[in-house]
Every structure is written in structure tokens, then in C-alpha cells.
Amino acid sequence: MSVELEAAAADSLFHLPRPHKHELEPGAVCANCGAVLQGPFCHVCGQDSDRHKRSIRHLVFEAMEGMFELDGRLWRTVPALFFRPGRLARDYIEGRIVRHVPPFRMFLVALVLFIFAAEYATHQSTVVQQQKKAAHAALLATPQGRTAEVARIRKEAATDLQGRLRDAANDRADDLKDTDANRPKVEAAYARHVQRAQARYAEALAGADRVAQGLPENAPTPAGAPRSKAWFRTGIRKAVDNPDYYWSVVFTWGHRAAVVLLPVIGLSLALVYRRKKQVFLYDHLLVAMNLLSFSFLTNGLGLVLPLVAMPWWFSLVALWTPVNLFQTLRGAYGSSILGAILKTLVIWTITVTASLFLLSGILVLAIAQL
């Protein structure tokens, strides 16, 4: 079956019925360019010939169709994005675009869907945290609950102190095994570790005493405390107390950072395929859009799954993503198996490193803005 027949069959199978178009009057002209109309769309400028008052149904349909391309192209593009990424990328590079959703539009739609999924997951997490906080507050409202909470804090603080002292002692013993070790320096480092562990333990005990008195476990930061020392801890406490707002700030910056990955991947592709003179940076960016669209859609789907299914899905995505990248490089650039494997490792390493760097910066930036 030819490509045209295949496209026509897909369109007839998946195309949503459009609202009824009016019949053209003889001699009707295009409202945009004045050309005599020969069909529902102007053959000169492409404008729709329908000029009557449209219904709300028509408006909603056009908005959805314009955003998500609800026609046969969507149902050809999405499966190819998941299961035939190399062929899809090759079509884009060789200019066979009309049969698919345009790559930049697919990228934007996938990003929007990921944003919605992330907002949903954030809301669900906030609901769970609020339920836990409510249960914890109800527990502390009774003398028995405060007694149990004080016992828990003291037990965890003692366990933490023992672990830190044990680690400090082991580090000192390992350092002193070296005959060239500077013993006074090693002992000074050990004393600092012990002092920090004991200070942490004393702070936990003070928190337990505040809970026993019906006060919050964490003491408020003194007004005169230097910001250089207190801002990070204060920000973390604010994030714990108001996770919904914290994650909203994270996702606000995350949306912007996600776009940064597009040139990172595009330049990585240009680097590993710098000898392919017939492939330009524009083509590499098209391939990068496909890779990011796949990542946004798969991770977005995982964010809306039930909690019990999330670990399984994200484990699958962690294995599937490099395989998708390998298939893309094989199909789009015609790489050999060994060459595609090596280039996949290079691009994967660069992308993961850049993603972790951006994520770390966003998490810290969000804390600084609280």
C-alpha cells in the first residue's frame, strides 16, 4: 500500500468529524486575499472559507484540533515516537513532515501534558502530606501522644548519635593506620565530628522538650542570626511546612529548564555526528525534539499512575529511554550497531549530567525563593 493510501486510511479511521461546513455560493471569494474560492479552503492563501458565526462547539473543536492535531497524523506520530523513533526521525530529516505532527508542536504538546501530570502529582503528594500533618497534630493534641512523640524523638536522636560517633571513630582508626598520617590533625578532625554529633543530639533533645511542653519541635530562627548560616535550614523548614508551594516553585523553574535540554541534546548530536556534513544543526534539533517528547510523555504518564505502579513504570522508563535513543540514532543517522551504542553512551552521559545539574540548581533556587 502506498504512503498516500496508508495516510488516507488512517485519516478515515481516526479523524474526528468536523462541524458542518456551509455550502459555497457561486463566485464566493476569500475574505483574506480575494481569490475566487474553489473549495472549503482558499487555494491561494489556505484560509478557511467558513465565515458564519461559529458555535461554542466549533470553537472548542478548533482549539483542541489546533493544539493536539486531532487527525490521522497524531495517531501515526505517537506510536512511531514510542516504537519506531528512528523511522520517525528519518522522515523529519528527509522532509517527510506532512504525514506527521510537526516536531516542534509535538514537543510543546508533550511538555504541556508533562506539566499537567507534574501538577497533578504535586497536588496528590500535598494531599498525602496534609493528611499526615493532620494525623500528627491530632496525636500531639493529647498527653499520651506527646509522650509517645517525645520517646520517638529521643530514641531516633540516640541512634543517630551512636551512628555518627561510630563513623567518626572508624574514620579516625582508618586515618591512623597510615604511618605518614598527621596524628594531631586526625585527632582534631575527630574532635570536630564528635562535637557536631553531640550538638545535633542536644538540638534533638531540646526539640523533644519543646514537644513535651506542647510547642513546635523546631525552634524559630533567631531574628539576629546571620542569613548566610540560617537561610538554607530555614528554607528547608519552609519547604517541609508548605510542600505545595515549594514544588510549585520547582516546577515553575523546571518548565524553563526543560527547554534548556533541547539545545544540550541537539549540540550533543551535532558533536557525535560532526562528520555527517549533509546533516545540519536544524536536523539535530528535530531529533532532539523527538527524544524530549518521548521523555515528557513517558514520565508524565508515570506521574499520574497509582503510587504502587510508579516504581515499576519508572524502572521501565529508565531502561526504555536509552533503548529509544539507540533506535533513534540507528534509524535517523544510519549508524552501525557498535557506533550507535557508543554514541548513545556519550549522549546519554551528557544529558543525564546536564539534567542532574539543572535539577540540583532548581531545588536550591526554589529553597532560596521561599
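Small disclaimer: the values here were computed from a predicted structure and weren't measured. (Residues numbered from 1 in each chain as written. Predicted model: local features only at pLDDT ≥ 70, side-chain atom pairs only at ≥ 80, totals over all residues. Heavy atoms only, no water.)

## Some thoughts on the overall build of the protein chain
Helices and strands together make up the secondary structure of the protein chain, namely twelve helices and zero strands. Each helix (α) and strand (β) of the protein chain, taken in turn from the N terminus, gives the series α-α-α-α-α-α-α-α-α-α-α-α. Taking the contacts inside the protein chain whose residues are at least 6 apart along the sequence as the reference set, 63% of them involve residues at least 24 apart. Of the roughly 22800 Å² that the protein chain leaves accessible, carbon and sulfur atoms contribute 64%. (Helix = DSSP H or I, 4+ residues; strand = E, 2+ residues; numbered from the N terminus. Contact = heavy atoms within 4.5 Å. Areas by Shrake-Rupley, 256 points an atom, 1.4 Å probe, with all protein chains shown as cover.)

## Quick word on a nonpolar patch on the surface
Residues Ile-337, Leu-338, Ile-341, Leu-342 and Leu-345 make up a contiguous nonpolar surface patch of roughly 490 Å² in combined accessible area. Its location among the elements puts Leu-338 in helix α12 (residues 337-369). (Patch = residues over 30% accessible without salt bridge, like charges linked within 9 Å, V, L, I, M, F, W, Y side chains within 5 Å. Salt bridge = Lys/Arg side-chain N within 4 Å of Asp/Glu carboxyl O.)

## Examining helix α5 (residues 103-140)
Between its first and last C-alpha atoms α5 spans 55 Å; for 38 residues at 1.5 Å apiece the expected length is 56 Å, and the two agree. Of the residues making up α5, those classed as buried are Pro-103, Met-106, Phe-107, Val-109, Ala-110, Leu-111, Ile-115, Ala-117, Ala-118, Ala-121, Thr-122 and Thr-126. (Expected span 1.5 Å × (residues − 1). Buried < 20%, exposed > 50% of the residue type's maximum accessible area, 1.4 Å probe, protein only.)

## What to know about the confidence of the model for the protein chain
Scored by pLDDT, the protein chain comes out at a mean of 82, with 83% of its residues at no less than 70. In this model, residues 1-21 is a region of pLDDT below 50 whose contacts with residues beyond four sequence positions or in other chains number 27 contacts. (pLDDT = per-residue confidence, 0-100.)

## Section: the pattern of salt bridges
Inspection of every chain in the model, using the stated rule, returns eleven salt bridges. In this structure, Glu-94 and Arg-96 form a salt bridge, with 2.6 Å as the shortest nitrogen-oxygen distance. Overall, the relative accessible area of 30% leaves Arg-96 in the partly exposed class. For the salt bridge of Arg-164 with Asp-160, the shortest nitrogen-to-oxygen distance reads 3.0 Å.

## Quick notes on the packing of aromatic side chains
Counting across every chain of the model gives nine aromatic pairs. Relative to Phe-83, the ring of Phe-82 lies with its centre 6.3 Å away and its plane at 45°, an arrangement referred to as tilted. Taking relative accessible area as the criterion, Phe-82 reaches 14% and is therefore assigned buried. Within the aromatic cluster, the residues linked to one another by ring pairs are Phe-82, Phe-83, Phe-294 and Trp-320. Over the ring of Tyr-190 we find Arg-172; its NZ or CZ atom is 4.0 Å from the centre of that ring. (Phe/Tyr/Trp six-rings, centres within 6.5 Å; stacked < 30°, edge-to-face > 60°. Lys NZ or Arg CZ within 6 Å of the ring centre and 35° of its normal.)

## Thoughts on the environment of Ile-337
With respect to the helices and strands, Ile-337 occurs in helix α12. Each C-alpha atom, one on Ile-337 and one on Phe-326, is 8.7 Å from the other, the two residues being eleven residues apart in sequence. Setting aside residues no more than four positions away along its own chain, Ile-337 makes contact with Phe-326 and Arg-330.

## Concerning helix α10 (residues 281-303)
Between the first and last C-alpha of α10 there are 32 Å, a value that for 23 residues agrees with the 33 Å anticipated at 1.5 Å per step. Counting buried residues in α10 gives 17 out of 23 residues, a clear majority hidden from the surface.

## Concerning the state of the cysteines
Taken as a whole and judged by the stated rule, the model has zero disulfides. Free of any disulfide, Cys-30 has its nearest cysteine sulfur in Cys-45, 3.6 Å distant. (Disulfide = S-S within 2.5 Å.)

## Focus: the nonpolar core
Core analysis: the biggest nonpolar cluster contains 41 residues, and Leu-269, Val-287, Leu-292, Phe-296, Leu-329 and Tyr-333 have the highest contact counts within it. Ranked by residues supplied to this core, first place goes to α10 with nine residues. Residues in contact with Val-287, not counting those within four places in the same chain, are Ala-89, Ile-93, Leu-269, Thr-328, Ala-332 and Tyr-333. Ala-239, Tyr-246, Val-249 and Ile-362 belong to the second-largest nonpolar core, a separate cluster that totals eight residues. (Core = buried A, V, L, I, M, F, W, Y, C linked by side-chain atoms within 4.5 Å.)

## A closer look at a negative patch on the surface
Residues Asp-167, Asp-171, Asp-175, Asp-178 and Asp-180 make up a contiguous surface patch of negative charge. Looking at the element boundaries, Asp-175 is found in helix α6 (residues 143-176). The exposure class of Asp-175 is partly exposed, given its relative accessible area of 40%. (Lys, Arg positive; Asp, Glu negative; His and termini not counted. Charge placed at Lys NZ, Arg CZ, Asp CG, Glu CD.)

## Examining the environment of Ala-206
Note that Ala-206 resides in helix α7 (residues 183-212). The exposure class of Ala-206 is partly exposed, given its relative accessible area of 30%. The spacing of Ala-206 and Glu-217 is eleven residues in sequence and 8.1 Å in space, taken between C-alpha atoms.

## Quick notes on the environment of Ala-202
By the secondary structure assignment, Ala-202 is in helix α7. You can call Ala-202 partly exposed: its relative accessible area is 42%. Separated by 45 residues in the primary sequence, Ala-202 and Ala-157 have C-alpha atoms spaced 8.7 Å apart.

## Observations concerning the side chain of Ser-293
Note that Ser-293 resides in helix α10. Those residues in contact with Ser-293 that sit more than four places away from it in its chain are Leu-81, Met-106, Phe-107 and Ala-110.

## Topic: the packing of helix α4 (residues 85-93) against helix α11 (residues 310-333)
Look at α4 against α11: their axes get within 7 Å of each other, and the N-to-C directions meet at 40°. Overall, the two elements α4 and α11 adopt an arrangement that is oblique. Read as a crossing pair, α4 and α11 show a hand that is right-handed. Of the residues in α11, those in contact with Pro-85, Gly-86, Ala-89, Arg-90 and Ile-93 of α4 are Asn-324, Gln-327, Thr-328, Gly-331, Ala-332 and Tyr-333. Looking at the contact of α4 with α11 residue by residue, the classes come out as five nonpolar, five polar and one charged. (Axes fitted to C-alpha atoms, helices over the stretch in contact; angles between N-to-C directions. Parallel < 35°, antiparallel > 145°, perpendicular 65-115°, else oblique. Left-handed = near helix turned anticlockwise from the far one by under 90°. Nonpolar A, V, L, I, M, F, W, Y, C, P; charged D, E, K, R; others polar.)

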